[in-house]
Every structure is written in C-alpha cells, then in structure tokens.
Amino acid sequence: MAAANYLRSEDQFLCSICLDVLTDPVTTPCGHNFCKTCITEHWNTNDRFLCPLCNKAFTTRPDLCVNTLLSEMVSQFRQSAQQDASSSSSEQQVSKPGEVPCDVCAGTKLKALKSCLVCLVSYCETHLEPHLTASRLKRHQLIDPVENLDSRMCTKHDKPLELFCKTDQTCICVLCSVLDHKTHEFVPLKEEYEGQKAELGKTEAEIQQMILKRRLKIEEIKRSADLSQEDADREIAEGVQVFTSLKERVERGQAELINTIKEKQERAEKQAQAFIRELEQEISELMKRRTEVEQLSRSEDHLHLLQSVQTLNTNQPPATRDWTEVSVPPPSYEGTVSRAVAQLEEDLSKEMIKAELRRVQQFAVDVTLDPDTANPDLILSDDGKQVYDSDVEKNLPDNPERFSKSTCVLGEQSFSSGRFYFEVQVKEKTEWTLGVARESINRKEIIILSPKNGYWTVWLRNGNEYKAAGNPSVLLSLRSQLQKVGVFVDYEDGLVSFYDVDAAALIYSFTSCSFTEKLFPFFSPGNNDGGKNSAPLIISPVHAVD
C-alpha cells in the first residue's frame, strides 16, 4: 500500500468495494471501475444487479470488460508505491525490546504507531494507512500502541470488552450485559472512561496540591532549620560571651579572696615582727644593765660600790613594756570564703540577668499606641509613643475596642505566636500599669487585673508600692525606683517577664501561661492625681545593655 505522499494519486485507483488498489480492473456499462473479483462476488450475493457506486440497475447481468489502460496505470502505480513503501519502511524504526511491534509486518517487525481496539491489531506507519484513509476504517478507535490486545476480548464470549459493569466494577462485552450481568448497572466503556478520567484528573489535582503543600512545608522546615541554626549560633556566641565573663569574674573573685587572706596574714606577720623587734631591744637593754650590775657586784671598794649604786640606780630597771597581756593571735578567716562566694554569686547572677536581658532584647518590636482603644481621658502623642491622663474626658466614639471606664490603651500591634519585647519609660510617675492583655478582655467595665481575666501586668501604686497582678497579687521588693521597664513575651512557652532595664534585673515572671488568643501590649498611665502623676508613659527605643 502507498505511503502518505501518494494519497492523492492512490484515490484514483481504489476499488469502492474493497477500498484497496484495483486488482484486474473491469468496467461496468455505466463506466465505473471495480476489481473483477469484488464486482463478481457483489452481484453473486445480491438479487439485483446494481452498480455499487451509482446504483444503476441492470435487467440482466452485464458483461464485464477489462480496462486495459487502467490496468497498465495500476501496474505502474503499484511498482512506484512498492518502491516508496520500501523506502518509507527503511526509514521507520525497527521494533526494539520493550516496544510494541507491528502485527502485520512480515519478516522484520517495525515499531507500531497505533493499536486498533476494533481490529485488535497494532500497526506500523505503513500498515496504519487504511485506518487513516478508508471511511469505514476511520470509525475504528485508535490508541497508542499496547501489547496483549487479546486481553481486551471477553474470554467467555470472545467479544470486545465494550461495556463497564458498575455493579461488579469490571469490563464486559455485549453478550455479558444480556446474559451474566443483565440485572446489573452498566454503561459504555467510553462513558466510564470519561468519568474515571475526570476522577483521575481530580485525584491528580489533589495529589499535586498535596505535593505543593509538602514542598511548601519542606521550605518552611528548611527556613525553620535555618532560623534554628541561627538561633543556635547566636546562643552559642552569647553563651561563650557569658561564660567568658563569668570565668573572668570567678578568677577575679579568687584573686581578691587570696589577696584578702594574704593581707590579713601580712598584717599579723608585721605586728609579730614589730613585737619581736621591741622585745629584742628590751632584751638588749636588760642585758646591758645586767652586765653593769654584775661588774659592780664584784667590786671590793666599799666607797666606789656605794657611789656607783647611787649613779646606776639599780633599783630602777630599764623602761620596758608589760608583755603579760600582749599576744599575736592568728588572723581570723572565718566568713572570708563564704562572703567571697556570696559576692561572686551576686555578680554571677547580675551577669546572667544581663545576658538574659540582652537575649530578649533581640526580639524587640516597634510598638505604637492604638487611639481607637484609648480611654477618653487619655492623651496620646502624634507618633503614638506617649500617653498620659488629662483628667478631662474627650467626646470620642464609643466603639467596641475602646476602654470606657478604665484609663487604659492597647498597642496597635497584636501577637499570636513567637516572641516579642518592648520597653517603656516610667520615671517621675507615682502610678502606672504595664504588660500584655488578650484580645477578648472586657473593655466597657472597670477591669480587674489578673491572668484569669486576661491581663499579665505589673503596677506601681502610691509612688513606691510595686506589685505583680496575679492570683493573688505579689508584692515586689526592688532596690531602687524603676525608670524603664522591659516587657518580654514567649507565646509558645507561656512566659511573660518584666525587667528593670537600668539595673539589668528581673522584676517578675508569669510562667506556664496558656495563650489561645492574640496578645496586645497593655498600658495604663494611671490617674493624673492633680498633676502629681502627669508624666507620660513613653515607649522607648531598645538599646542593648552593656
């Protein structure tokens, strides 16, 4: 059969009965050409003698004349087509292991281009041609080449599997539908194919979405791992810095302890040496007097002895100290080591708190006051960083977010995960409250500060009374008046801590908190109190402690 580039000339030599190139072409009285065998069998199987093309009826069976000219043309065409087909076949790929071979090729099997689900045959490019040109074959269903086409036949009835039984979820033939599956629900194979294909499309889309989510999760985990590594590196650096400082402090404390003990010992030794020198001096004087007395006692001159005794004054010994009560007790070192250790512990504690404060300061956030939440008595600065009580109620919209009866205001920023830190200047104030509050707090009634009610705060009252608003409140003992307060929150760890920034000291921590809502920075400058508490609360820039 001819290749594709001969289709136009091939149409002139096709038999309309077998749809193939004419063999022994003959002509009917109406002028149409057919294969001799095709037209003979056609009339042998019909009661009437009709032309298959124009349906012209003949009363008697016509005599068929051989078309000599057409026979020569067909012969030439076949030779040319065979040469081209041979050339085309040589260009086609030979079937390799694992590839579907053409079922029609004799000898060397070429690679199949398509499989026909009606013929149950796989075709190479050359042998596929009739399915692309013949009208009755164009209706056949072609698919990409597949092996084992016999599996597409019903093993029981030897018919193509054309239906799908929904009841048994299996492919069946037409006979199965009227015999074994007549009470079942079944649909054409193509209909089930379209439905399953649509479902597969959905499944594919779902799987693709799952893949996308997992890829995003991988990126999230990678970012988290990177951040974790950064946190670890930062913690290691801070740890090395802290322990280096602690080591220096320990070594300095050890040196100070040794120096203190040595100084005590040196003082005792100097005192002992001074006593010894004084005693040796007195011994020298006494020995001199003893020698004088001894020499005088040996004299036999009565007058000389008496006169000399009066001059020597033997009854008066040399001036000496009464050494009876004099002693050099060993130095007392009791408490020296314990005091040094206590001082070292205090220094180490301060250094640890400083290191902790430096760490939490790394989570500093830019907090501004939310005017929509501010009590009408409060005055906020234009930059949203300062607030104080004016003692004069302004006419403001009573929106749901605003505190109506308590002089409070929230920060504009909310936090529902992670860690954050901010600092507030509180100097020159006699009353204030600072901390964080959950989103659902009651803003229209007098508030009661406690974690149970959604507030984690510390406060100042009466100028010097500091408390943590717990259940119950905890009185805070501070060494000095607070000037600047740092507030740190670890949402996942359930921690709220307050720091004296200037003293680098921990004020108080709420631990084991359970956060389930957004948290907002919480501020209350307290009542103006006739100007005694007019200084503002000021949200300050964060600077790392030294």
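Conventions used here
- Residues numbered from 1 in each chain as written.
- Predicted model: local features only at pLDDT ≥ 70, side-chain atom pairs only at ≥ 80, totals over all residues.
- Heavy atoms only, no water.
- Helix = DSSP H or I, 4+ residues; strand = E, 2+ residues; numbered from the N terminus.
- Rg over C-alpha atoms; globule rule 2.2 N^0.38 Å.
- Buried < 20%, exposed > 50% of the residue type's maximum accessible area, 1.4 Å probe, protein only.
- Contact = heavy atoms within 4.5 Å.
- Areas by Shrake-Rupley, 256 points an atom, 1.4 Å probe, with all protein chains shown as cover.
- Salt bridge = Lys/Arg side-chain N within 4 Å of Asp/Glu carboxyl O.
- Pairing = 2+ DSSP bridges.
- Lys, Arg positive; Asp, Glu negative; His and termini not counted.
- Polar contact = N/O pair within 3.5 Å; in protein donor to acceptor, adjacent residues only side chain to side chain.
- Axes fitted to C-alpha atoms, helices over the stretch in contact; angles between N-to-C directions.
- Parallel < 35°, antiparallel > 145°, perpendicular 65-115°, else oblique.
- Left-handed = near helix turned anticlockwise from the far one by under 90°.
- Nonpolar A, V, L, I, M, F, W, Y, C, P; charged D, E, K, R; others polar.

Caption draft 1: View of the overall build of the protein. The helix and strand tally for the protein stands at nine helices and 24 strands. For a compact globule of 546 residues, the expected C-alpha radius of gyration is about 24 Å, and the protein comes in at 57 Å, more than 25% above that figure. Each of the three principal axes of the protein carries a C-alpha extent, and together these read 205 × 80 × 50 Å. Burial status across the protein gives 33% buried among its 546 residues. Taking as baseline every contact in the protein between residues at least 6 positions apart, the subset at least 24 positions apart corresponds to 56%. Per element, the accessible surface of the protein, about 34000 Å² overall, is 51% carbon and sulfur.

Caption draft 2: Main features of the pattern of salt bridges. One pass over the full model with this rule turns up 15 salt bridges. The salt bridge involving D398 is made with K444; its shortest N-O contact spans 2.7 Å. With D398 in the loop between β13 (386-389) and β14 (409-410) and K444 in the loop between β16 (432-438) and β17 (455-461), this pair connects stretches of sequence that are 46 residues apart. As a salt-bridge pair, K467 and E465 come within 3.6 Å of each other at their nearest N and O atoms. Residue classification places K467 among the partly exposed residues on the basis of a relative accessible area of 24%. Residues joined in a network through salt bridges with shared partners are D231, R234 and R419.

Caption draft 3: Here's a closer look at unusual backbone geometry. The omega angle of the peptide bond from N471 to P472 is 0°, so this bond is cis rather than trans. The backbone of Q169 shows a phi angle near 55°, a positive value even though the residue is not glycine. Of note, Q169 is situated in the loop between β9 (163-165) and β10 (170-172). Here A504, not a glycine, exhibits a phi torsion of approximately 50°, which is positive. Tracing the chain through its elements places A504 in the loop between β21 (495-500) and β22 (505-510).

Caption draft 4: Structural detail: the pairing of strand β18 (residues 465-468). Taking every second residue as pointing to the same face, the buried face of β18 carries Y466 and A468, while none of E465 and K467 on the other face is buried. Taken together, β17 and the strand that follows it, β18, pair antiparallel across an intervening segment of three residues, in which N462 is found at a positive phi of about 60°. Two elements, β18 and strand β19 (residues 474-475), share two bridges in a ladder whose sense is antiparallel. By the bridge assignment, A468 is partnered in β19 with V474. Linkage of β18 to β19, two consecutive antiparallel strands, is achieved through a turn of five residues.

Caption draft 5: Main features of the pairing of strand β23 (residues 519-524). Along β23, six of the six residues are buried, which leaves the element largely enclosed by surrounding structure. Here β14 runs beside β23; their pairing, made up of two bridges, is antiparallel. Looking across to β23, one finds that L410 is bridged to F522. Pairing of β16 with β23 involves six bridges; the strand directions are antiparallel. Note that in β23 the partner of T433 across the bridge is S524.

Caption draft 6: Main features of the side chain of D370. In this structure, D370 sits in the loop between α9 (336-361) and β12 (378-380). Among buried charged residues, D370 stands out as having no salt bridge; its nearest opposite-charge side chain is R443, 6.2 Å away. Polar side-chain contacts of D370 include one of 3.1 Å to the backbone nitrogen of D372. Not counting the four nearest positions on each side in its chain, D370 is found in contact with L380, V409, L410, G411 and E412.

Caption draft 7: Quick peek at the environment of S404. Note that S404 resides in the loop between β13 and β14. A residue is classified by how much of its surface remains accessible, and S404, at 29% relative accessible area, is partly exposed. Separated by 193 residues in the primary sequence, S404 and I211 place their C-alpha atoms 51 Å from one another. With near-sequence residues (within four places) excluded, S404 lies in contact with N375, D398, R443 and K444.

Caption draft 8: Molecular detail of the packing of helix α7 (residues 189-297) against α9. It is at 10 Å that the axes of α7 and α9 come closest, and there the two elements cross at 160°. Classified by the interaxial angle, the pair formed by α7 and α9 is roughly antiparallel. Once α7 is placed against α9, the crossing between them reads as right-handed. In contact with E235, E238, Q241, V242, S245, L246, R249, V250, L257, T260, I261 and K264 of α7, α9 contributes T336, V337, R339, A340, L344, D347, L348, E351, A355, R358 and R359. Grouping the amino acids of the contact of α7 with α9 by side-chain chemistry returns ten nonpolar, four polar and nine charged.

Caption draft 9: Structural detail: the sheet that holds β10. One open sheet holds the three strands; their spatial order is β10-β9-β11, and the pairing between them is antiparallel. Because the sheet does not close on itself, it has two edges, and the strands there are β10 and β11 (186-188). Each strand of the sheet is rotated relative to its neighbour by a mean of 35°, with strand direction disregarded. Relative to β10, β9 is paired through three bridges, and the arrangement is antiparallel. Its bridge partner being in β10, C165 is matched across the sheet by T170. Across the sheet, α7 is in contact with β9, β10 and β11; its angle to β11 comes to roughly 90°.

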